[in-house]
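In case you want the letters, here they are:
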Amino acid sequence: MRAVNLVPFEYVLKHERDLDEKTIFTIRGMNGSEGLRHTSLLLSPKERVDEAFLYVVGCCLISWDGLIDSQGKDIKFSDNTKDNLNLLSSDVISELYLEIEASSKIDGAQKKK
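Fair warning: this is a prediction, and the values are worked out from it, not measured in the lab.

## A closer look at the overall build of the chain
- Of regular secondary structure, the chain possesses 5 helices and 3 strands.
- The linear arrangement of helices and strands in the chain, starting from the amino end, is β-β-α-α-β-α-α-α.
- Counting over 113 residues, the chain shows a buried share of 33%.
- In the chain, the share of contacts with a sequence separation of at least 24, taken over all contacts with a separation of at least 6, comes to 59%.
- Split by element, the accessible area of the chain, about 7400 Å² in all, is 52% carbon and sulfur.

Dropping the structure here:
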């Protein structure tokens with residue numbers, strides 16, 4: 001496992017990595033309180049799992065560059081988290097969630113400190 005990465009980093013979706021024009025998402029790992037909330041949502045009834053994904057991406061998505069709509073117009077990142085999440089497909093949210101979750105792991109040596 002890797003160290004918790006609270007420092008923002010750039011992430012490109014897997015299906016866009018070989019494209020000339022790609023969306024660059026700036027994300028970070030979850031902090032301790034976000035991780036606890038995430039865990040409590042995952043341990044809740046199944047319908048709350050989607051809420052956990054949205055919660056994590058909403059907390060840890062800092063910005064994007066190069067996101068375009070179906071007409072080729074640039075979509076600006078908003079200060080409104082719900083607006084931003086509504087613009088992303090469930091596939092994009094899932095992939096961002098998995099990368100954020102992976103960057104939020106603490107290995108055994110770090111847990112002992």
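## Side note on the environment of Glu-21
- Along the chain, the position of Glu-21 falls in the loop between strand 1 (9-12) and strand 2 (24-27).
- Since its relative accessible area comes to 69%, Glu-21 is described here as exposed.
- The spacing of Glu-21 and Gly-66 is 45 residues in sequence and 7.5 Å in space, taken between C-alpha atoms.

## Details of the pattern of salt bridges
- Using the criterion set out here, one finds 3 salt bridges in the structure.
- When the shortest N-O distance is used, the salt bridge between Glu-34 and Arg-28 registers 2.8 Å.
- Among the residues examined, Glu-34 registers a relative accessible area of 8% and is labelled buried.
- Here Glu-51 makes a salt bridge to Arg-37, at a shortest N to O gap of 3.5 Å. Of the two residues, Glu-51 sits in helix 2 (residues 49-60) while Arg-37 sits in helix 1 (residues 32-42), which places them 14 residues apart along the sequence.
- Judged by relative accessible area, Arg-37 falls into the partly exposed class, the value being 35%.

About the thresholds
Residues numbered from 1 in each chain as written. Predicted model: local features only at pLDDT ≥ 70, side-chain atom pairs only at ≥ 80, totals over all residues. Heavy atoms only, no water. Helix = DSSP H or I, 4+ residues; strand = E, 2+ residues; numbered from the N terminus. Buried < 20%, exposed > 50% of the residue type's maximum accessible area, 1.4 Å probe, protein only. Contact = heavy atoms within 4.5 Å. Areas by Shrake-Rupley, 256 points an atom, 1.4 Å probe, with all protein chains shown as cover. Salt bridge = Lys/Arg side-chain N within 4 Å of Asp/Glu carboxyl O.

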